[in-house]
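# Descriptive structure summary
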Amino acid sequence: MTAATMPGGEIVFPDGRHALTPEADAALDGSPLHNEDLAPVPMKKRTWTTYNYLALWVGMAINVPTWLLASGLIALGMAWYQAIITIGIANIIVLIPMLLISHAGTKFGLPYPVIARASFGVWGANLPALLRAGVACGWFGIQTWIGGTALFAVVGALLLTLTGGNDAWVNAPGFELLVGGSFPWTAWLCFAIFWALNILIILRGMEAIKRFENWAAPFLIAVFLLLMVWMVAQAGGLGPVVDEAGTLGWGPDFWAIFPLSLMGMIAFWSTLSLNMPDFTRFGRSQREQATGQALGLPTTMTLFPLVGVLTTSATVIVYGEAIWDPVVLTGKLDNPIALIVMLAALALATLTTNVAANVVSPSYDFSNAWPSKISFRTGGLITGVIGILIMPWNLLSSPELYIFTWLGFYGGLTGAIAGVIIADYWLIRKSKLALADLYKPHGIYRYARGWNWRAVVALVVGAFIALGGAYSAPGTGPFPEDGIISILKPVYDYSWMAALLIAFVVYWVLAALIKEKGQDVADATLVTADTAA
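This section reports on the structure supplied with the text. (Residues numbered from 1 in each chain as written. Predicted model: local features only at pLDDT ≥ 70, side-chain atom pairs only at ≥ 80, totals over all residues. Heavy atoms only, no water.)

## Describing the overall build of the chain
Selection rule: Only runs of H or I of at least four residues qualify as helices and only runs of E of at least two qualify as strands under DSSP, and these elements are numbered from the N terminus. Here the globule rule reads 2.2 Å times residues to the power 0.38, and the radius of gyration is calculated from C-alpha atoms. Here a residue-residue contact requires only that any non-hydrogen atoms of the pair lie within 4.5 Å. The Shrake-Rupley method, run with a 1.4 Å probe, gives the accessible areas here. Residue values count only the displayed protein chains as cover. Charge assignment in this entry is limited to Lys and Arg as positive and Asp and Glu as negative, and neither His nor the chain termini are counted. Note on charges: their place is set at NZ of Lys, CZ of Arg, CG of Asp or CD of Glu.
Check the secondary structure of the chain and you find 22 helices and five strands. For 533 residues, the compact-globule estimate of 2.2 N^0.38 gives 24 Å, and the C-alpha radius of gyration of the chain, at 24 Å, lies within 12% of that figure. Over its C-alpha atoms, taken along the principal directions, the chain stretches across nearly 75 × 50 × 50 Å. In the chain, of all internal contacts separated by at least 6 residues, the share reaching a separation of at least 24 is 79%. A total accessible area of about 20800 Å² is found for the chain, and carbon and sulfur atoms account for 69% of it. The chain carries 26 positive and 30 negative side-chain charges, and their two centres are separated by 13 Å.

## What about helix 7 (residues 126–163)?
We count it as follows: Here the expected span of a helix is defined as 1.5 Å times the quantity of residues minus one.
With 38 residues, helix 7 extends 54 Å between its outermost C-alpha atoms, agreeing within 8% with the 56 Å of an ideal straight helix rising 1.5 Å per residue. Looking one or two residues beyond helix 7, the residue adopting positive phi is Gly164, at roughly 75 degrees.

## Some details on the packing of aromatic side chains
Rules: Within 6.5 Å between ring centres, the rings of Phe, Tyr and Trp (the latter by its six-membered ring) count as paired, and their orientation is classed by plane angle as stacked under 30 degrees, edge-to-face over 60, tilted in between. With a 1.4 Å probe rolled over the protein chains alone, any residue whose accessible area is under 20% of its type maximum counts as buried; one over 50% counts as exposed, and the rest are partly exposed. Counting as a charge over the ring demands two things of the Lys NZ or Arg CZ atom: a distance within 6 Å of the ring centre and an angle within 35 degrees of the ring normal.
On inspection of all chains with the given rule, the structure shows 27 aromatic pairs. Ring geometry for Trp48 and Tyr53: centres 5.3 Å apart, planes at 45 degrees, overall tilted. In this structure Tyr53 comes out as buried when scored by relative accessible area, which is 0%. Both rings, one in Tyr425 and one in Trp426, keep their centres 5.2 Å apart while their planes meet at 85 degrees; by these two values the pair is edge-to-face. For Tyr425, a relative accessible area of 4% puts it in the buried group. Residue classification places Trp426 among the partly exposed residues on the basis of a relative accessible area of 27%. The aromatic ring of Tyr319 is capped on one face by Lys332, whose charged end is 5.8 Å from the ring centroid.

## Here's the deal with the pattern of salt bridges
Heads up, the condition is: Whenever a carboxyl oxygen of Asp or Glu lies within 4 Å of a side-chain nitrogen of Lys or Arg, that contact is scored as a salt bridge.
Considering all chains together, one arrives at four salt bridges under this definition. Across the salt bridge formed by Arg284 and Glu288, the nearest N and O atoms sit 2.8 Å from each other. Residue class for Glu288 comes out buried when judged on its relative accessible area of 15%. Note that Asp424 is salt-bridged to Arg429, the shortest N-O span being 2.9 Å. Taking relative accessible area as the criterion, Asp424 reaches 3% and is therefore assigned buried.

Here is the structure:
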């Protein structure tokens, strides 16, 4: 069965994927909602395979915070195996909304902000897009500073080893940039180098990101496995951490903290579930992108913290203390070759995560805000500049305020966005979209002056209920100890999941009861297209 071309230039292929004819795409060039980066990906460029998505997730999941995930749960009293099980379950759960949203990317070749136009309206989509961009810019700045400081620390350790104790690198003269603490000029240099590496990769486009993740993934796996094997060999065994049964057991104490711990692990990748279409739009098939993600996300996110646990356990014997931070552990190595390899691995681990998770999304999101002026690459530059202006060195000086309060609060908003998009795409539209209309200011997705009020109401209601009970521990944050609205305080601990479910239901009900103008016409056209295919 051959592909069918429908009125309006939309092509429906036998495998269910859609595209626009070159003529139909060219006809949209004058639209203020269209540019080359936001347009549906031509079929010849949809080349990502199962391995590409597997490598993408390996590259994103192997990073310092993932290595440390189990340590936080063990500190709460869990045994190491309870921590690993909790992490594994959380990543299977977060995979579900990720695959539901990813489907539209592969079927239509669209990035996240263009998909959001179907539910929020062609102009209203900028609301969820810029909300997602904001949290990504915050994390980009933080990860870039962490990468730069890791580079600074490991280069310092290497130079100390090679020069017999010369600490000129570590104790170089310092100065203050913008507002914040003073750091050695060598630390600022490492930050600038790491920032430039991120920007260089994003300026080369998505194909360069694919190649980068492809070869980085096996290198990272090999290096960190070798580090674990070497440390275990040095220790002569696995060490005491794996022999500890924890203090909670499997009784009520464990189940009291399990739900909150599970939510914390789900939150780790929850925001990325929104913009996975930015990658799956290049997929060769639905099966390949779904299989690659299913193989890459839960497995890497479960096994890499396990490698961290086993390595840390061995450090107790080798160094007399548990060293959870791989940067600190690397600084204790006295072999120059090992230091160089670990320097490359730590830099790559942060780069592969930062570029894919924190730069790709805002690059598309900023482009969506002004398609005629902002390209994907320009969006990447804007992200880079914001990443400096937010002064991540200041944010990390009070992580309880920024990372654990502001970003945790922000996560509830992204959950509500996910709920709206999933309900719209799967329940209201039955995974059917009028492709060309997503780029037309006066097409069927215009709603009321470009905004779909149903989506906005669902977003606000979901976010209000999920975040209305926001609270902070005494003396640690901006929220009242009993919550902004005390009756909603228990919901805040589950803010992302609560926001997703509430917004999902509210949007489903509103959209089903109050149909938007033009929906019947769109449904009829798309049913005809599917029948012809």
